[in-house]
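Fold and geometry: a report
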Amino acid sequence: MIQVIDNNVFVLSTDRTTYAFRLLPTGQPEHLCYGGRMKIDADTAEVLADRHAFAPGNTVLYDAEHPEYSLEDMRLEASFYGKGDIREPLAEIVYSDGSFTSDFVFDSCAVTDGAVSFEELPGAAADGEDGIQTLTVTLKERHRGVFLDLLYTVFPACDVITRRSVLRNAGVGTVTVRRLLSCQLDLPGQTWNLTSFTGAWTREMSRTATPVRAGKAVVSSYTGTSSSRANPFVMIHPDGTGEDAGRVYGANLVYSGNHYEALEAGAFGRTRFVSGMNPQSFAWVLERGQRLVSPEAVLTYSAEGFNGLSRSMHVFVRRHIVRGYWRDKVRPILLNSWEASYFKINEAKLLRLAKAAKDVGIELFVMDDGWFGNRVDDTQSLGDWEADRRKLPGGIRGIAKKVRDLGLLFGLWVEPEMVNANSALYKAHPDWCMDIPGREHSEGRNQRLLDLTRTEVQDYVIESMRKVFSAGGVSYVKWDMNRIVSDVFSRALPADRQGEVLHRYVLGLYRIMRVLTEEFPKILFEGCASGGNRFDLGILCYFPQIWASDDTDAWERARIQAGYSYGYPMNTVAAHVSASPNHQTLRKSPLETRFEVASFGVLGYELNLLDLKKEDYDKVKVQTELYKKWREVMQLGTFYRCENERLVSWTVVSPDRKRAVGLIFQGLVTPNFQQHVYRAQGLLPEARYHVYGRDIKYNVKGFGDLINAAAPIHVKDESLTQEIISRVIKMEGEKEDGHAFGAALMEEGLHPAPAFGGTGYDGRVRFFQDFSARMYFMEAEED
């Protein structure tokens, strides 16, 4: 709900939050509050506002008529350089006379129903929720004929408010925009922390809280993508906020390019947060009659800790970011060929894998890199999207039909934004690349970016992908992007517009994705960029899931998936079971652990099923059957991170709260420590639940030569005798099967069987080695 009181006070309310600002006598919008739901009228607004008598020393007065006002000492909705506010600005503009002072003041406002959309950029859709409204506050530069629209869209049921900036040039000259951010939030006090999610390839989404008591903390990407180095999702909170208690703000950006988030402690007891496109190397020439639209920023607030904030973000992303045929559907279990074969694929090998996939209960077979051109390694053929008939005699249509005849869906991998210098496309159109003429080019993964600022290049990508996707029976596409940008330059733009290249690249990419997803609405698209180098809300507007990381090691994946869970629902996070030792870390971990961690995302497999021992092959059959039984809960339920001092612990709960799945996951064993606790979240307190674990038997090899303590004969570790015994004799695992009320499971928790502590083992003991996990299932009993 949006209230405009006396054309002066603006109150934006969701079901549980309120955001308010008013106009200063000097015309600037002054921020009042953003927090829990509250009633605000004109008198309340006066109480909430900062009071001023004399401006602080060594500051600039805005004008002579208001000696109490220095903009550096105000909480503002939008700030600009030149009139006294020296903190992070929302926008920076250079005018035709070379000056860069901006003086924007209130001009008008309007409230409309629904969300406002822009063709050039994706944004939150208004589907699936009543009461969505948009407030547009228009500011006018006093002397230049330039207007800035501040857009606020309220999504009441999600407790989300989005913001966007639109700069319009109605003046007489051209202006150059050096910065146009999406949101500015001025908070009282200087006791805030900025929690960011940073990393690199194979180690995305590491959570770090940075106290900001002086100066500023910046989270940004300059890779041309939202990046694995710094995800655009951040949180702002005071000390003491935890998973289930404490105040916290969350912010994200519906954008897939360079981004910028900053939290700055000002000189006078306030803290400013800004978010939007990265202004580094950005310069957009805005001619008379043109507009520049910023990406949409997503804001939410919770007084129920990080889990409370995550729940709001998850609902918002599921309802208003992800869209189309797959939005509310469960996703199929897939087998991807990459780590089984890498580039060494052919039809016969792929079909053998596909037959095994069908046998173990997998539903979708994905042919990864290596199927096109002369793609025998990563140095050639990107851009040549014709099937290699030596590997696939029947082309895509032929292999797709044979896979479908097995009873599987068929999918494939593409990397449409890239080209190898050793390719037919590059030889025909070297000018289509993003490089600087006459200078050596710095390559990444032996490839170059196509210049998507150019319409003819966008059209080529659309047409080449249209041919691939319509070749017959393609149900899934993994869309990859395996390098960051370098040598940024477009031959299609003049010298004074080279600062527009990276944003125009993203706009070109969005046009491509929009056209193709509209033409192929039932294809399940999965985004990828060397893993999580472009995991953001912009991609999720077109692709309903994203490959979270190339690192499939279970221990690392638990950390990575937990990182994503703060801002993204788990049915957007693709997760695979891979081989052990892991291909990225060489770490060994139990197959059951790999499955249990991956099952909390969109489950897939990426290993050579044909090389599995029968014991493990049979385990995969059991895993897929179990996942299908619980898939709706796992993918569409509410996810909780459970605080546990010794273990990774998660819970996911069905929308009606009658079914739930829990996880505990251990890193390294603590010697002689047997007792652990799993505390559930989100259950119905008064409901009585049947709680139980998995019935798993364990290989005696896991005990090494310790089995000699019980064996009637001596058994040498790794011997043939041990191998034979392991095939015949299995160690019984612990049994977990009980009944308890929801409140008890949440407050005191399930106390599972004691872990092995070195003093004995039988069916009452939990075999809980390094990197072991357990899943627990909870089902409400009928009255």
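Right, let's walk through the structure included here.

Moving on to the overall build of the protein. Of the regular secondary structure elements, the protein holds 14 helices and 38 strands. Taken over C-alpha atoms, the radius of gyration comes to 28 Å for the protein, in line with the 28 Å a tight globule of 783 residues would show. When the backbone C-alpha atoms are referred to their principal axes, the protein occupies close to 100 × 65 × 45 Å. Looking at the protein residue by residue over its 783 residues, the buried ones come to 61%. If you take every contact in the protein between residues at least 6 apart in sequence, the share linking residues at least 24 apart comes to 72%. With an accessible surface of roughly 29,300 Å², the protein has 50% of that area assigned to carbon and sulfur atoms. The average position of the 91 basic charges and that of the 103 acidic charges among the side chains of the protein differ by 5 Å.

What sets the pattern is the α-helix's 3.6 residues per turn: residues three or four places apart point alike. With 23 residues, helix H12 (residues 614-636) should reach 33 Å at 1.5 Å per residue; the first-to-last C-alpha distance of 32 Å fits that figure. Within H12, the axis deviates most sharply at tryptophan 630, by approximately 65°. By the burial criterion, the buried members of H12 are Tyr617, Val620, Gln623, Thr624, Leu626, Tyr627, Trp630, Arg631, Val633, Met634 and Gln635.

Counted under the stated rule, the structure contains 47 aromatic pairs. Arranged with centres 5.0 Å apart and planes meeting at 50°, the rings of tyrosine 698 and phenylalanine 767 form a pair that is tilted. Placement of tyrosine 698 in strand S35 (residues 697-699) and of phenylalanine 767 in the loop between helix H14 (742-747) and strand S38 (773-780) is noted, with a sequence separation of 69 residues between them. This pair shows no difference in class: tyrosine 698 is buried, exactly as phenylalanine 767 is. An aromatic cluster of three or more residues is present, and its members are Phe10, Tyr19, Phe21, Tyr34, Phe106, Tyr152, Trp192, Tyr249 and Tyr301. Cation over ring: arginine 557 sits above tryptophan 547, and NZ or CZ is 4.6 Å from the ring centre. The cationic tip of arginine 641 hangs over the ring face of tyrosine 566; the distance from NZ or CZ to the ring centre is 3.5 Å.

Of the consecutive residues serine 580 and proline 581, the connecting peptide bond is found in the cis state with omega at 5°. Tracing the backbone shows proline 581 in the loop between strand S29 (573-578) and helix H11 (591-598). Even without being glycine, phenylalanine 771 reaches a positive phi, approximately 60°. For phenylalanine 771, the location among the structural elements is in the loop between H14 and S38.

Attention shifts here to a nonpolar patch on the surface. A cluster of nonpolar side chains, namely Leu720, Ile724, Val728 and Ile729, defines an oily patch on the protein surface of about 430 Å² accessible area. Its location among the elements puts isoleucine 724 in helix H13 (residues 720-728).

Moving on, we get to the sheet that holds strand S28 (residues 545-547). Around the barrel, eight strands lie side by side as S21-S22-S23-S26-S27-S28-S29-S30; this closed barrel has parallel pairing. On average, each strand axis in the sheet is inclined to that of its neighbour by 30°, with strand direction left out of account. Looking at chain direction, strand S26 (residues 474-479) and strand S27 (residues 524-527) are connected through four bridges and run parallel. For lysine 478, the partnering residue across the bridge sits in S27 and is glutamate 526.

Helix length check: helix H7 (residues 455-469) (15 residues) gives 21 Å between terminal C-alpha atoms against 21 Å at 1.5 Å per residue, within 8%. All of the buried residues along H7 are Val457, Gln458, Val461, Ile462, Ser464, Met465, Val468 and Phe469. Residues of H7 that are buried in the fold lie against helix H5 (395-405), strand S23 (409-414), S26, helix H8 (501-519) and S27.

Relative orientation of the contacting elements helix H4 (residues 347-360) and H5 amounts to 20°, with a least axis distance of 10 Å. Considering the angle they form, H4 stands roughly parallel to H5. The two elements H4 and H5 cross, and the hand of that crossing is right-handed. Residues Glu347, Leu350, Leu351 and Ala354 of H4 pack against Ile399, Lys402 and Val403 of H5.

By the element assignment, arginine 454 lies in the loop between strand S25 (448-449) and H7. Note on arginine 454: relative accessible area 11%, which makes it buried.

Attention now goes to the nonpolar core. Core analysis: the largest hydrophobic core is formed by 195 residues, its most contacted members being Leu12, Trp371, Phe469, Tyr605 and Leu609. The leading source of residues in this core is H8, at ten residues. In contact with leucine 609, not counting residues within four places along its chain, are Leu335, Leu353, Ala356, Ala357, Val360, Ile362, Tyr617 and Val620. If you look at the next biggest cluster of nonpolar residues, it comprises 18 residues, including Val653, Ala680, Tyr689 and Leu745.

Here we take up the environment of arginine 646. Secondary-structure assignment places arginine 646 in the loop between strand S31 (638-641) and strand S32 (648-653). Arginine 646 sits in the partly exposed class, given a relative accessible area of 43%. Excluding residues that lie within four positions of it along the chain, arginine 646 makes contacts with Thr670 and Phe673.

A few words on the sheet that holds strand S37 (residues 737-741). Taken in spatial order, the six strands make up an open sheet running S31-S32-S33-S38-S34-S37, and their pairing is antiparallel. Both edges of this open sheet fall to S31 and S37, since each of them pairs with a single strand only. Sheet twist, expressed as the mean angle between neighbouring strand axes with direction ignored, is 20°. In this structure, strand S34 (residues 688-693) lies alongside S37, joined through five bridges in antiparallel fashion. Among the inter-strand pairings, tyrosine 689 is bridged to a residue of S37, identified as alanine 740. Running at roughly 55° to S32, helix H10 (residues 554-565) makes contact with S31, S32 and strand S33 (659-665) of the sheet.

With respect to the element layout, lysine 83 can be found in the loop between helix H1 (42-48) and strand S5 (91-94). Sequence separation between lysine 83 and aspartate 103 is 20 residues; the distance between their C-alpha atoms is 6.9 Å. In contact with lysine 83, other than residues within four places in its own chain, are Val60, Tyr62, Leu71, Thr101, Ser102 and Asp103.

Attention now goes to the packing of H7 against H8. When two helices pack together, their arrangement is given by the angle between the helix axes and by the axis-to-axis distance. The N-to-C vectors of H7 and H8 enclose an angle of 30°; their axes lie 10 Å apart at closest approach. Accordingly, the angle class assigned to the pair H7 and H8 is roughly parallel. Viewed along their axes, H7 and H8 form a crossing whose handedness is right-handed. Contacts from Thr455, Gln458, Asp459, Val461, Ile462, Met465, Arg466 and Phe469 of H7 reach H8 at Gly508, Arg511, Ile512, Val515, Leu516 and Glu519. In terms of residue class, the contact of H7 with H8 is built from seven nonpolar, three polar and four charged.

Locating arginine 483 in the fold gives a position in the loop between S26 and H8. Lacking a salt bridge, the buried arginine 483 has aspartate 487 as its closest oppositely charged neighbour, with an N-O distance of 5.8 Å. Side-chain polar atoms of arginine 483 contact the backbone oxygen of glutamine 447, separated by 2.8 Å. Within the local environment of arginine 483, its side chain forms a polar contact with the side chain of serine 486, the two groups lying 2.6 Å apart.

Turning next to the pairing of strand S30 (residues 602-606). Within S30, five of the five residues are buried, leaving the element largely enclosed by the surrounding structure. Residues of S30 alternate between two faces, with Val602, Gly604 and Glu606 on one and Leu603 and Tyr605 on the opposite face, all of them buried. Strand direction decides the pairing type here: strand S21 (residues 334-336) and S30, joined by two bridges, are parallel. Within the sheet, the bridge partner assigned to leucine 334 lies in S30 and is glycine 604. At this point the chain moves from S29, through H11, to the parallel S30, and the crossover so formed is right-handed.

What counts, and where the lines are drawn
- Residues numbered from 1 in each chain as written.
- Predicted model: local features only at pLDDT ≥ 70, side-chain atom pairs only at ≥ 80, totals over all residues.
- Heavy atoms only, no water.
- Helix = DSSP H or I, 4+ residues; strand = E, 2+ residues; numbered from the N terminus.
- Rg over C-alpha atoms; globule rule 2.2 N^0.38 Å.
- Buried < 20%, exposed > 50% of the residue type's maximum accessible area, 1.4 Å probe, protein only.
- Contact = heavy atoms within 4.5 Å.
- Areas by Shrake-Rupley, 256 points an atom, 1.4 Å probe, with all protein chains shown as cover.
- Lys, Arg positive; Asp, Glu negative; His and termini not counted.
- Charge placed at Lys NZ, Arg CZ, Asp CG, Glu CD.
- Expected span 1.5 Å × (residues − 1).
- Bend = angle between axes of the 7 residues up to and from the residue.
- Phe/Tyr/Trp six-rings, centres within 6.5 Å; stacked < 30°, edge-to-face > 60°.
- Lys NZ or Arg CZ within 6 Å of the ring centre and 35° of its normal.
- Patch = residues over 30% accessible without salt bridge, like charges linked within 9 Å, V, L, I, M, F, W, Y side chains within 5 Å.
- Salt bridge = Lys/Arg side-chain N within 4 Å of Asp/Glu carboxyl O.
- Pairing = 2+ DSSP bridges.
- Axes fitted to C-alpha atoms, helices over the stretch in contact; angles between N-to-C directions.
- Parallel < 35°, antiparallel > 145°, perpendicular 65-115°, else oblique.
- Left-handed = near helix turned anticlockwise from the far one by under 90°.
- Core = buried A, V, L, I, M, F, W, Y, C linked by side-chain atoms within 4.5 Å.
- Nonpolar A, V, L, I, M, F, W, Y, C, P; charged D, E, K, R; others polar.
- Polar contact = N/O pair within 3.5 Å; in protein donor to acceptor, adjacent residues only side chain to side chain.
- Right-handed = clockwise from strand over helix to strand, strands pointing away.

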